[in-house]
Amino acid sequence: MTSQQWFDDMEAKIPRGGVRSRFAPSPTGYMHLGGMRTALYAYLIAKSLGGTFILRIEDTDQARLVEGAAEMILRTLRDAGLRYDEGPDVGGPVPPYVQSERKPLYRPYAELLCERGAAYYCFCGHVSHEERDHEDADVDDPCRALDPTEAQKRAATEPHVIRMKTPREGSTTLHDEVFGDITVENKTLDDMVLLKSDGLPTYNFANVIDDHLMGITHVLRGAEYISSAPKYTLLYDALGWKNPVYITVSSIMRDERQKLSKRLGDPTYDDLLAEGYLPGAVLNYIALLGWSPGGEREIFSLSELEGVFSISGISRSPALFDKTKLRYFNAEYIRATTAEDFAGLAEPYIRRAVHSPDADINALAELIQPRCELLTEIPEMIDFIDALPEYSTQLFVHKKSKTDERISLDMLRRLTPVLTALPDWTRGDIYAACETLAAELEAKNALVMWPLRIAVSGKAVTPGGAAEIAAVLGREESLRRIDAAIDRLQALQA
Ligand code: GLU
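Nothing here was measured: the structure is a model prediction, and the numbers come from that model.

### Considerations on the nonpolar core
Nonpolar side chains in soluble globular proteins tend to end up buried together.
Then step 1. Counting 57 residues, the largest nonpolar core has Ile350, Ile378, Ile382, Leu419, Ile430, Leu452 and Ile482 as its most contacted members.
Then step 2. At eight residues, helix H17 (residues 446-457) tops the list of elements feeding residues into this core.
Then step 3. Leucine 419 has contacts with Trp425, Ile430, Ala433, Leu452, Arg475, Leu479 and Ile482, leaving out every residue within four places of it along the chain.
Then step 4. Residues Ala39, Ile247, Trp291 and Phe329 belong to the second largest nonpolar core, which totals 50 residues.

### Focus: the site of the ligand
Then step 1. Surrounding the ligand, one finds Arg22, Ala24, Pro25, Ser26, Glu58, Tyr203, Asn207, Leu220, Arg221 and Tyr225.
Then step 2. One nitrogen or oxygen atom from the main chain of alanine 24 is found 2.7 Å from a nitrogen atom belonging to the ligand.
Then step 3. Glutamate 58 places a side-chain nitrogen or oxygen 2.7 Å from a nitrogen atom of the ligand.
Then step 4. Relative to its unbound accessible surface of 300 Å², the ligand loses 85% to contact with the protein.
Then step 5. Of all the secondary-structure elements, those providing two or more residues to the shell around the ligand are helix H6 (203-213) and strand S8 (218-222).

### What to know about the sheet that holds strand S4 (residues 161-164)
Then step 1. Strands sit in the order S3-S4-S7 across an open sheet of three strands; the sheet is antiparallel. Because the sheet does not close on itself, it has two edges, and the strands there are strand S3 (119-122) and strand S7 (193-195). The sheet shows a mean angle of 40° between the axes of neighbouring strands, taken without regard to direction.
Then step 2. Pairing geometry for S3 and S4, over four bridges, is antiparallel. The residue bridging tyrosine 121 from the neighbouring strand is isoleucine 162, located in S4.
Then step 3. On the sheet, helix H4 (residues 103-115) packs against S3, S4 and S7 and is oriented at approximately 105° with respect to S3.

### What to know about the environment of glutamate 332
Then step 1. Here glutamate 332 is to be found in helix H11 (residues 323-336).
Then step 2. What makes glutamate 332 partly exposed here is its relative accessible area of 35%.
Then step 3. Separated by 41 residues in the primary sequence, glutamate 332 and glutamate 373 place their C-alpha atoms 8.1 Å from one another.

### Description of the packing of aromatic side chains
Then step 1. Applying the stated criterion to the full structure yields 14 aromatic pairs.
Then step 2. Arranged with centres 5.4 Å apart and planes meeting at 40°, the rings of tyrosine 203 and tyrosine 225 form a pair that is tilted. In this pair, tyrosine 203 is assigned in helix H6 and tyrosine 225 in the loop between S8 and helix H7 (229-239), connecting sequence segments 22 residues apart.
Then step 3. On the basis of relative accessibility, which here comes to 23%, the residue tyrosine 203 falls in the partly exposed class.
Then step 4. An aromatic cluster of three or more residues is present, and its members are Trp6, Phe7, Tyr109 and Trp241.

What counts, and at which threshold
Residues numbered from 1 in each chain as written. Predicted model: local features only at pLDDT ≥ 70, side-chain atom pairs only at ≥ 80, totals over all residues. Heavy atoms only, no water. Core = buried A, V, L, I, M, F, W, Y, C linked by side-chain atoms within 4.5 Å. Buried < 20%, exposed > 50% of the residue type's maximum accessible area, 1.4 Å probe, protein only. Helix = DSSP H or I, 4+ residues; strand = E, 2+ residues; numbered from the N terminus. Contact = heavy atoms within 4.5 Å. Near = heavy atom within 4 Å. Polar contact = N/O pair within 3.5 Å; in protein donor to acceptor, adjacent residues only side chain to side chain. Areas by Shrake-Rupley, 256 points an atom, 1.4 Å probe, with all protein chains shown as cover. Pairing = 2+ DSSP bridges. Axes fitted to C-alpha atoms, helices over the stretch in contact; angles between N-to-C directions. Phe/Tyr/Trp six-rings, centres within 6.5 Å; stacked < 30°, edge-to-face > 60°.

Keep in mind these numbers describe shape, not what the thing actually does.
This is how it looks when you write it as structure tokens:
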């Protein structure tokens, strides 16, 4: 088979028709927020246009490989609800979806480019200026001038790389949907390596070949790739291919000058989940970092985003990461979760603080849900359930409610028989009993509720009010705690 026949065969296998977008992460062991946003936008472009979302793992840089990192990407996307239609574990019409498994595909294209005079074999270990630390005089690679047939023969036995024969004249442009035309003078471009001496493609080369062979119509990527963009045009042109739509998203910034960076201590996507943020809240928040729906509304579920996302809403100005805002999103998401789902999310956190196997998880979750901003806050919110913490009787003093230790003692004494006699131990009944007592005494409710809250929780700030807490604790434990409070307050009066 001639190389042209092989080339034509490959062309025939490319899926055509419809939008095909991809997320092409390199497995580094963690998911940056920027990476997650790229994945989200690529997913949304496909879904908003009725297309296909593809996951391709770009692991050609063997030196940077991290074990288990690819699996982690699959899991992260799946857990976040970013279902890919094609990918390493789900397959698809153009496998494999992992670059290291595609190794045999790249050399024929590099050789074809040599045949066409658009690339050349290089044997001399020449280091071009982009690969050097310093920009020394830009000297042409001597192998550029080798006779192509001779060079091809030598390549069969000698170590070599294959380089692009970048034109020295003119300029090259790549059109980006967000950044417009990106043009460079060809003389400033390097003869980039396409195939390395180990036979593996360079990142840029593999990326172009794979995007084409996978029929990708929309390429979503971070701003760090913008300077290499025009080189892609040279490759597409040399191969006679039409380039896909490029959509470059601007950086996410930690402040006015610096990009968000794990090295500087900024959280990755995984860190945020570990800190108690919900995937939906993070996705919603990062969707708005660099894209605007064009209105005031901010809260969108993933499926709502699928309906409203548009490329024209992507902004070229860098976006500032604001954790306070993200926290607000998270609180909104927690509130909007169904009680049942929230109990499921909260349970592992509840269990960190409440160890009794009979604990009523649903009741505790109900207490927590309206007041919680981060799941990780939960254990501390309910640290008084298992055991009453040591507390100061000073907590019974509350200026605003005009109460103190003496009044609290009186209230708790009056409350004890009322609570003991309650037929049912429900939040509503406990609350009503407190209210009735306050009414009888012609006092404000707070005068009864405040000492009850302190007595049952030992804390001034609690999730839920006194009646809710007492209901969760149960009658026996509540009365025991009230008794203990009476003892302590009595001792003060003596
Ligand atoms: N593999 C690249 C990365 O992980 C992405 C390249 C691209 O999206 O074109 O940063």
